[in-house]
Amino acid sequence: MPKCPSCKKEVYFAERKTSLGKDWHSFCLKCDKCKKTLTPGQHSVHDDKPYCTMPCYNALFGPKGFGRGGTESHDYK
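1. Structural notes on the pairing of strand β1 (residues 16-19)
Consideration 1: Looking at chain direction, β1 and strand β2 (residues 22-25) are connected through 4 bridges and run antiparallel. Paired with S19 across the two strands is K22, which belongs to β2.
Consideration 2: Between β1 and β2, which pair antiparallel and follow one another directly, the connecting turn spans 2 residues, one of which, L20, has a positive phi of 60°.

Below is the structure:
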């Protein structure tokens with residue numbers, strides 16, 4: 001029986017959500033930053049941790065600066 005990477009308890013077939021190559025409880029698959037519940041395939045990953053794509057992943061790991069990308073992108077120091 002697979003173990004949930006978040007709570008380390010067994011994940012039964014009826015309650016599992018498969019994402020990032022692992023089986024999760026549906027209530028354990030949450031954004032590592034804001035703790036919002038995620039759905040498989042609708043999130044981003046960084047260092048094997050799930051993040052909601054907007055706004056957490058983009059704010060933490062996306063382009064920095066004014067406008068967050070494109071021609072307006074600047075990295076202020």
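The rest of the description comes next.
2. Some words on the packing of aromatic side chains
Consideration 1: The tally for this structure, following the rule as stated, stands at 2 aromatic pairs.
Consideration 2: Taken together, Y51, Y57 and F61 form an aromatic cluster joined through their ring pairs.

3. Focus: the nonpolar core
Consideration 1: Listed in full, the 10 residues of the largest apolar core are C4, V11, W24, C28, L29, C31, L38, Y51, C52 and C56.
Consideration 2: If we ignore the near neighbours within four places in the chain, the residues touching L29 are S19, W24, K36, T37, L38, T39, P40, H43 and P50.

4. Looking at unusual backbone geometry
Consideration 1: That bond from M54 to P55 is cis: its omega, 5°, falls within 30 degrees of zero.
Consideration 2: In this fold, P55 is placed in helix α1 (residues 53-61).

5. Side note on the layout of surface pockets
Consideration 1: Within this model, the largest pocket holds a volume of roughly 190 Å³.
Consideration 2: Contributing to the lining of the largest pocket are P5, S6, K22, W24, C28, K30, C31, D32, K35, D48, K49 and P50.
Consideration 3: Secondary structure elements with two or more residues in the lining of the largest pocket: β2 and β4 (49-51).
Consideration 4: Here the lining of the largest pocket is built from residues that sort into 5 nonpolar, 1 polar and 6 charged.

6. What about the pattern of salt bridges?
Consideration 1: If you walk through the whole model with that rule in mind, you get 1 salt bridge.
Consideration 2: One salt bridge connects R16 with D23, and the closest N-O pair in it is separated by 4.0 Å.

7. Topic: the environment of D32
Consideration 1: Examined against the element boundaries, D32 turns out to sit in the loop between β2 and β3 (44-46).
Consideration 2: When its relative accessible area of 33% is taken as the criterion, D32 is described as partly exposed.
Consideration 3: Measuring from C-alpha to C-alpha, the distance between D32 and V45 comes to 9.6 Å, with 13 residues separating the pair along the chain.
Consideration 4: In this structure, D32 is in contact with K49, P50 and Y51, ignoring residues within four places of it in sequence.

Rules of the game
Residues numbered from 1 in each chain as written. Predicted model: local features only at pLDDT ≥ 70, side-chain atom pairs only at ≥ 80, totals over all residues. Heavy atoms only, no water. Pairing = 2+ DSSP bridges. Helix = DSSP H or I, 4+ residues; strand = E, 2+ residues; numbered from the N terminus. Phe/Tyr/Trp six-rings, centres within 6.5 Å; stacked < 30°, edge-to-face > 60°. Core = buried A, V, L, I, M, F, W, Y, C linked by side-chain atoms within 4.5 Å. Buried < 20%, exposed > 50% of the residue type's maximum accessible area, 1.4 Å probe, protein only. Contact = heavy atoms within 4.5 Å. 1 Å grid on protein atoms, 1.4 Å probe; cavity = no way out; pocket = protein on both sides within 12 Å on 5 of 7 lines; lining within 4 Å. Points joined across faces, edges and corners; volume = space filled by probe spheres on them. Nonpolar A, V, L, I, M, F, W, Y, C, P; charged D, E, K, R; others polar. Salt bridge = Lys/Arg side-chain N within 4 Å of Asp/Glu carboxyl O.

The analysis is restricted to geometry; functional conclusions fall outside its scope.
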